[in-house]
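# Architecture and fold: a report
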Amino acid sequence: MKAKSILVLFLNIVILSAFVSAGVQEEAQAREKARRMTRENITTLMLIRMTRFLELTEDQTAKIYPFFTRIEKEKMQINQQLRRQMRELRLALSAEDPDAEGLKATIQAIKELRDALKSKDTELEKHLEKNLTVIQQAKYLVFVTTFFNELRSQLNRARMMRERAGQKEKK
Amino acid sequence: MNCTKIEKWLSDQIDGELSERKTRAIEAHLEKCASCRSYAASLEKIHDEATSLERVEVSPAFWEGFASRLKANLESSREERKEKRALALSWNWVWSGAALLAVVAVGLYLLLFQSPQPQEMYVFSLENSLASIYQEIGDDSELEELFNSILVESIDEYIGDSEWKERPDLLENLLLWEGLTEEEIEFLESEIKKDIKS
């Protein structure tokens, strides 16, 4: 009887932890999906705005868009790996006695991924330099700065919208 | 003959200090020059009036202590001048102080009450800029959702634009470029080039 109740308790714990873990995994997947969507939307908006701001010709668009999207795809994959490595790093650090060798390997992997991201940016810049006129290159620098500042203000707008919605709910 | 020289000689003539040669030269000049004639007449008139003045007799007592009175008067007028200068200087200080206060007040107003200009961030790496935005969002899924809806709204605004409607080939499936292989992209590129040429 005693053994049976222990078994039932054990099974309950296993089932519960499976549910919890599935929930956590689902949440992480949803977050990953939301991040991917944000990135895709930012890229789309950036391409549309860039085409206008730089007054790209169709020929230039045909050369730049595919390259841009390919680089973006590669960067997304690198970012995914980077997030995974960062998660591992946090887990390793939270352990009572972190494994130094394991930490070293994770640090190295993160550094390499970070460098890979930088090189993707450089690759994109070089491609743009090759396909844009000097004026368009200059415009691009101005555009990128303006675009990211605008993104920031849109993020602030989202915050304000939420605050306002919260205030309405309180009323 | 120079009129200025004649005027000087005329003055010397009245004082009785002019040579005969110069006197003759003056007479010859006056015959020709009306302006010097008028000057000579007015000089003579002044001289005559001055000599006709009565001589004022001053008592010897007046001269006694004259020097000390003169000294005292000079000193008092000097003091007066000093006071006036000091007053003028103090007003200068007042004006300088007022100007300084005004400058400080304007500076404080600009510093405290003017709305701060938003600082522009210069982007030199796309990835870093995106990372900073994601960092701001953090794990706040609600904020990310709202941010996404604003982004979609902005995209819709551009897509709804007539200029974009004229170019649906670039507009549609913008991110489906991702799914294409290098060969497919190259093929599309060559096709677009052909299209442009034709």
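Relevant structure appears above.
Fair warning: this is a prediction, and the values are worked out from it, not measured in the lab. (Residues numbered from 1 in each chain as written. Chains lettered and ligands numbered in written order. Predicted model: local features only at pLDDT ≥ 70, side-chain atom pairs only at ≥ 80, totals over all residues.)

### A closer look at the overall build of chain B
Basically, it comes down to this: Helix numbers and strand numbers start at the N terminus; a helix is a DSSP run of H or I with at least 4 residues, a strand a run of E with at least 2. Each residue is classed by its C-beta neighbour count within 10 Å, where at least 20 other C-beta atoms makes it buried, 12 or fewer makes it exposed, and intermediate counts make it partly exposed; the C-beta atoms are placed from backbone geometry.
Broken down by element type, chain B carries 10 helices and zero strands. N-terminal to C-terminal, the α/β element order of chain B is α-α-α-α-α-α-α-α-α-α. When the 198 residues of chain B are sorted by exposure, 7% land in the buried category.

### Brief notes about the interface of chain B and chain A
Keep this limit in mind: In this description, a residue-residue contact is defined by the distance between C-beta atoms placed from the backbone, which must lie within 7 Å. Residues are grouped as follows: nonpolar covers Ala, Val, Leu, Ile, Met, Phe, Trp, Tyr, Cys and Pro; charged covers Asp, Glu, Lys and Arg; every other residue, Gly included, is treated as polar.
On the chain A side, the residues contacting the 38 residues of chain B number 38 residues. Elements with a minimum of two residues in the side of chain B that touches chain A: helix H6 (126-137), helix H7 (141-159) and helix H10 (182-197) of chain B. When residues in the side of chain B that touches chain A are grouped by element, the largest group, 14 residues, is from H7(B). Here the residues of the side of chain B that touches chain A sort into 23 nonpolar, five polar and 10 charged.

### Describing the packing of helix H1 (residues 3-14) of chain B against helix H3 (residues 34-52) of chain B
Residue and element names in this part refer to chain B. Operational definition: Helix axes are fitted to C-alpha atoms over the stretch in contact, other axes to C-alpha atoms as well, and angles between N-to-C directions run from 0 to 180 degrees. Should an angle fall under 35 degrees it is taken as roughly parallel, and over 145 as roughly antiparallel, whereas 65 to 115 is taken as roughly perpendicular and any remaining angle as oblique. When the near helix sits turned anticlockwise from the far one by under a right angle, the crossing is termed left-handed; a clockwise turn instead gives a right-handed crossing.
Interaxial distance between H1 and H3 falls to 10 Å at its minimum, and their mutual angle equals 25°. Of the possible angle classes, the one that applies to H1 and H3 is roughly parallel. Considering how the two elements wind past one another, H1 and H3 form a crossing that is right-handed. Residue-level inspection shows Cys 3, Ile 6, Glu 7, Leu 10, Ser 11 and Ile 14 of H1 in contact with H3, the latter providing Ser 35, Cys 36, Tyr 39, Ala 40, Leu 43 and His 47.

### Examining H6(B)
Residue and element names in this part refer to chain B. As a reminder of what qualifies: Working rule for helices: expected span equals 1.5 Å times residues minus one. The arc in question is traced by the directions running from the helix axis to the C-beta atoms.
Here H6 spans 17 Å end to end across 12 residues, near enough to the 16 Å set by a 1.5 Å rise per residue. For H6, the full list of buried residues reads Leu 126, Ser 129 and Leu 130. Seen from one end, H6 has its buried residues packed into an arc of 95°, which puts them on one side. Following H6 by one or two positions, Gly 138 has its phi on the positive side, about 60°.

### Topic: the packing of helix H2 (residues 58-94) of chain A against helix H3 (residues 100-131) of chain A
Residues and elements named next belong to chain A. Across the interface, H2 lies against H3 with an axial gap of 9 Å and an inter-helix angle of 165°. Viewed along their axes, H2 and H3 adopt a mutual orientation that is roughly antiparallel. Between H2 and H3 lies a crossing of left-handed hand. Across the contact of H2 with H3, the residue classes break down as 17 nonpolar, seven polar and six charged.

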